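Below are the chains, spelled out letter by letter.
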Amino acid sequence: MTVNKTKDGSKLYAQITGRIDTVTVNDAEKELMEGIDSVTELTLDFKELDYISSAGLRLLLLLQKRMNKQGSMKILNANETVTEIFEVTGFSDILTIV
Amino acid sequence: MNKNGKIISKLFRGTVASIIAATVAAMIGIVVDGVIIGRFLGKEGMAAYTLVMPVVNLATAFSGVLAAGSQVVCAHHLGAGRKRRARKAFTVCMIITVAVSVLLMAVVLLFRDSICIMLGAETEALLRGSSDYLLGVVFALPSVLFLFEFNALMRLDGDANRVIVAVVVMTVLDIIGDLLNAMVIRGGLLGMGLATSISYGIGLVIMLLHFTKKDIIFKLYFRGIRLKDFIEIFVTGSSSGVGSGSAMLRVTAINRILVAVSGAALASTALAAFGVVNTMINLLSSVMVGVGMTCATIAGLMRGEKDRSAMQALVKVTVRTAVVLGAVIAVVVFAGADLIAGIFNEDGSQEMVALAARGLRFYACAIILYGINNAFVNYTQGLNRMALSNIFCFLQNFVFVIAPALILSNFMKTDAVWIALIVAEVLTLLSIFAVAAYRKRGIPYRYADFLFLREPFGTAPENMLEFAIETQEAVVPASEKVREFCTEKGSTEKQAMLMSLFVEELCNNIITYGFADGKKHTIEMRVLNTDEGWVLRCRDNCKAFNPVEWLKLHEEDDPTINIGVRMICGMARDIKYLSAMELNNLTICL
């Protein structure tokens, strides 16, 4: 799993590649939380994400709760299966999926 | 990732101990009954008790057929996820048992004296004694019938401890009741019979309390019962009947051989010696019967799940257990033969003791092989290979004993009978090898060569990935391996991802909540590429947990909790859960 970040002022764009599972979620959290204090707009690009487990959903929830206080968060380019996971778990009501 | 089979081995070892304890406790009760009657009521009392035994043996034999049939049929249906059919089979068994109990009691109560005369009560004293005992013991017959059946079914329903408690209580109360009757109440043979009836009745009540529990598998289900359901139980249990029947024939035939070779002067000594050996065979073989019953039940369960690896693990642990237990019993019997024979020596006949001890030592040499052979008879019964099971059973219990005994008796006298016990087991084992060799078209030497499965059985090995998980660290690598396997076998990306996801989520949940009791647990998984689609089967030995039912109860809860279970239930096409023999079994279809 890799996280490629691009910061533009208070906007942070992060592309996640690979899997977010029980093992990789800690690294993902560390990467995404780093410097988040000054971020008001967080965009997560899931184009290269091919697997997300409940550990990943909990991380998204954590990020969403954080960004609700200081700005906004959206998710781009989730594949069909990941989108379906968001729907069956009710996360499509909590997250902003574009 | 570890290999599968640990759960079955652990289940076998845990179950066999309690089944043996229950079977041996019941046998001890019967033997102690005879000893107390012999000691306190003399030869006449003992003769009357012995005369009536065929009636009790008939109930026991019938119960054996029903118990064997219902346990294998129910286990098979449970293994296949067919709870209703398992309940139907249970209901059929209960109907038959009630009907037979009522019939047996009515016939015995109405025709008591005629039955005793038919069984050989030629004097007035013998008739009175046997009729009194029959009157007392007739009320135990329903309990005898039900107890054998419940012994196996309760284990399937996760209530094994109740069986042990019931049998121990029953045996202790029987012994106390017999002693009270003999020394205080002095109720004679009627009192002895009633003591047995009361103690067995209390044992039955303890078992029946199981049905007051909430989440049990076996409840009465009358819908759609057909004649074929009754036939299925009898056919599947038939090898138990074949075993009892051929054992009775064996005893009769051996008695005749002994009388013929011993001559008039020594006939009663030889018969008495064989009586001792036969009593010990019945008592000690109950240990191996316990091994066989355990094997048959688990084989039925795994046949329903079509789990080849589990079958192999079962055969391996069964043979090893039979060898170890057989070796221990063999050493004890061989070393203590004189002492054991002496317990039965009422008349101070040293000749009888010597002959019986010799017979016991020969029997000791056959015990290990008896255990292995008996296990295979029960295993094939669990597979519903009834022809094979019945043939092995009849050969082992009758043909392979009597034929050598007849041939050898011309020049070895009574030793012919003892040696025939060993020859029978050797020939039976060779028969098992011969069948395995025929199926393999080669020399069988691995456990896999002795599975006797009807092919095709389950999913072909190349379309299946099996693994076991015991630690958190093993979960994600297993999940990744599943994804690779699915992709290799031509699944879509979505299918590969979901199968991988189910593995991770299931294992994480089981480890978090099921492993929390601090005991050692195992999760066994099978990923199957079937004609009907991708299937994930998960088995663990943690406390019972049905994720489907759980989610139904917590549907309205905050969606941000218990995400893993929601993911699985939301993304799977079908999920079936079953708890049997204290194992959680989950089948998830994509």
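Look above for the structure.
Right, let's walk through the structure included here.

Analysis parameters
- Residues numbered from 1 in each chain as written.
- Chains lettered and ligands numbered in written order.
- Predicted model: local features only at pLDDT ≥ 70, side-chain atom pairs only at ≥ 80, totals over all residues.
- Heavy atoms only, no water.
- Salt bridge = Lys/Arg side-chain N within 4 Å of Asp/Glu carboxyl O.
- Helix = DSSP H or I, 4+ residues; strand = E, 2+ residues; numbered from the N terminus.
- Buried < 20%, exposed > 50% of the residue type's maximum accessible area, 1.4 Å probe, protein only.
- Contact = heavy atoms within 4.5 Å.
- Buried area = accessible area lost by both parts, 1.4 Å probe.
- Phe/Tyr/Trp six-rings, centres within 6.5 Å; stacked < 30°, edge-to-face > 60°.
- Lys NZ or Arg CZ within 6 Å of the ring centre and 35° of its normal.
- Pairing = 2+ DSSP bridges.
- Right-handed = clockwise from strand over helix to strand, strands pointing away.
- 1 Å grid on protein atoms, 1.4 Å probe; cavity = no way out; pocket = protein on both sides within 12 Å on 5 of 7 lines; lining within 4 Å.
- Points joined across faces, edges and corners; volume = space filled by probe spheres on them.
- Core = buried A, V, L, I, M, F, W, Y, C linked by side-chain atoms within 4.5 Å.
- Axes fitted to C-alpha atoms, helices over the stretch in contact; angles between N-to-C directions.
- Left-handed = near helix turned anticlockwise from the far one by under 90°.
- Nonpolar A, V, L, I, M, F, W, Y, C, P; charged D, E, K, R; others polar.
- Expected span 1.5 Å × (residues − 1).
- Bend = angle between axes of the 7 residues up to and from the residue.
- Polar contact = N/O pair within 3.5 Å; in protein donor to acceptor, adjacent residues only side chain to side chain.

Residue and element names in this part refer to chain B. Tallied over the entire structure, the rule returns 26 salt bridges over all chains. A salt bridge links Glu 305 to Arg 539, with the shortest nitrogen-to-oxygen separation between them at 2.6 Å. Of this pair, Glu 305 sits in helix α9 (residues 238–305) while Arg 539 is found in strand β3 (residues 533–540), placing the two residues 234 residues apart along the sequence. Looking at Glu 305, the relative accessible area reads 6%, which means it is buried.

A separate point is the interface of chain B and chain A. On the chain A side, the residues contacting the 21 residues of chain B number 20 residues. Contact between chain B and chain A buries roughly 1800 Å² in total, counting both sides, with carbon and sulfur atoms accounting for 63%. Among the residues chain B hides against chain A, the three largest losses belong to Met497(B), Ile563(B) and Met571(B). Together they make up 29% of the total. Inspection of the chain B/chain A interface yields 4 salt bridges. In this structure, the salt-bridge partner of Arg19(A) is Glu480(B), at a minimum N-O distance of 3.8 Å.

Another point: the packing of aromatic side chains. The tally for this structure, following the rule as stated, stands at 14 aromatic pairs over all chains. When the ring of Phe376(B) is compared with that of Phe452(B), the centres are 6.0 Å apart and the planes differ by 80°; the resulting orientation is edge-to-face. Within this pair, whereas Phe376(B) is found in helix α12 (residues 350–382), its partner Phe452(B) is found in the loop between α14 (415–440) and β1 (464–469), the two being separated by 76 residues in sequence. Of the two residues, Phe376(B) and Phe452(B), both sit in the buried class. Among the aromatic residues, those joined into a ring-pair cluster are Phe90(B), Phe146(B), Phe150(B), Phe211(B) and Phe218(B). Over the ring of Tyr51(A) we find Arg19(A); its NZ or CZ atom is 3.7 Å from the centre of that ring. Lying across the ring of Phe334(B), Arg361(B) places its NZ or CZ 5.7 Å from the centre.

Another aspect to go through is the pairing of strand β2 (residues 11–20) of chain A. Residue and element names in this part refer to chain A. Of all the 10 residues making up β2, 7 are buried; the element is thus mostly covered by neighbouring parts of the structure. Joining the antiparallel neighbours strand β1 (residues 2–8) and β2 is a turn of 2 residues, in which Gly 9 adopts a positive phi near 70°. By the bridge criterion, 5 bridges tie β2 to strand β3 (residues 41–45) in an arrangement that is parallel. When the sheet's bridge partners are listed, Lys 11 is paired in β3 with Glu 41. Considered for its hand, the β-α-β crossover made up of β2, helix α1 (residues 25–33) and β3 is right-handed. When β2 meets strand β4 (residues 49–52), the two strands line up parallel, connected through 3 bridges. By the bridge assignment for β4, Arg 19 is matched with Tyr 51.

All names here are of chain B. Taken as a whole and judged by the stated rule, the model has 2 cavities of 30 Å³ or more. When contributions to the lining of the largest cavity are tallied by element, the ones reaching two or more residues are β2 (523–530), β3 and β5 (583–589). The volume enclosed by the second largest cavity comes to roughly 30 Å³. Looking at the second largest cavity, the residues that line it are Cys 295, Val 315, Thr 318, Val 319, Ala 375, Phe 376 and Tyr 379. If you list the elements that add at least two residues to the lining of the second largest cavity, you get α10 (308–335) and α12.

Next up on the list: the nonpolar core. Membership of the largest hydrophobic core comes to 149 residues, with the highest contact counts inside it found for Leu78(B), Tyr133(B), Leu156(B), Phe218(B), Phe376(B), Tyr379(B) and Phe452(B). With residues up to four places along the chain from it excluded, the contact list for Phe218(B) reads Cys74(B), Leu78(B), Ala86(B), Phe90(B), Leu153(B), Leu156(B), Asp157(B) and Phe211(B).

Residues and elements named next belong to chain B. Running from amino to carboxyl end, helix α16 (residues 493–514) crosses helix α18 (residues 563–571) at an angle of 145°, the nearest separation of the two axes being 9 Å. As for how α16 packs across α18, the hand of that crossing is left-handed. Along its contact with α16, which presents Leu 498, Leu 501, Phe 502, Glu 505, Leu 506 and Asn 509, the element α18 presents Gly 564, Val 565, Met 567, Ile 568 and Met 571. When grouped by side-chain class, the residues that make up the contact of α16 with α18 number 8 nonpolar, 2 polar and 1 charged.

This brings us to the sheet that holds β2(B). Residue and element names in this part refer to chain B. Overall, antiparallel pairing links the 5 strands, which are arranged β1-β2-β3-β5-β4 in an open sheet. The strands lining the two open edges of the sheet, one partner per strand, are β1 and β4 (574–580). Each strand of the sheet is rotated relative to its neighbour by a mean of 15°, with strand direction disregarded. Both β3 and β5 contribute to a ladder of 6 bridges, which runs antiparallel.

Along the chain, Ile225(B) turns up in the loop between α7 (188–208) and α8 (227–236). Between the alpha carbons of Ile225(B) and Ala89(B) there is a distance of 8.6 Å; along the sequence they are 136 residues apart.

The next subject is helix α13 (residues 386–412) of chain B. Residues and elements named next belong to chain B. Under the 1.5 Å per step criterion, the end-to-end length of α13 is 36 Å for 27 residues, consistent within 8% with the ideal 39 Å. Within α13, the axis deviates most sharply at Leu 395, by approximately 45°. One or two steps after α13, the chain reaches Lys 413, where phi turns positive at roughly 50°.

All names here are of chain B. Considering the arrangement of structural elements, one finds Ser 240 in helix α9. With 174 residues separating them in the primary sequence, Ser 240 and Leu 66 have C-alpha atoms 8.7 Å apart. Beyond its immediate sequence surroundings of up to four residues, Ser 240 is in contact with Gly 64, Val 65, Ala 68 and Gln 381. Here Gly 64 takes part through its backbone oxygen, which lies 3.3 Å from a polar atom of the side chain of Ser 240.

Note that Thr297(B) resides in helix α9. Here the side chain of Thr297(B) touches Met293(B) through a polar contact of 2.9 Å, landing on its backbone oxygen.

Let's shift gears to the packing of helix α5 (residues 141–156) of chain B against α7(B). Pairs of packed helices are described in terms of their axes, by the angle between the two and the distance that separates them. All names here are of chain B. Across the interface, α5 lies against α7 with an axial gap of 10 Å and an inter-helix angle of 35°. Our pair here, α5 against α7, has a crossing hand that is left-handed. Side by side, α5 and α7 meet where Ser 143, Val 144, Phe 146, Leu 147, Phe 150, Asn 151 and Met 154 of the first sit next to Tyr 200, Gly 201, Gly 203, Leu 204, Met 207 and Leu 208 of the second. Classifying every residue of the contact of α5 with α7 by side-chain character gives 9 nonpolar, 4 polar and no charged.

Here we come to the side chain of Ser9(B). Residue and element names in this part refer to chain B. Note on placement: Ser 9 falls in helix α1 (residues 6–79). Exposure remark for Ser 9: the relative accessible area of 15% places this residue in the buried category. Each residue touching Ser 9, except ones within four places of it in the same chain, is listed here: Ala 313 and Val 317.

On to unusual backbone geometry, then. Residue and element names in this part refer to chain B. Look at the link from Glu 455 to Pro 456: it is a cis peptide, with omega at -5°. Structurally, Pro 456 can be placed in the loop between α14 and β1. Backbone geometry places Lys 306, a non-glycine residue, at a positive phi of 55°. Structurally, Lys 306 can be placed in the loop between α9 and α10.

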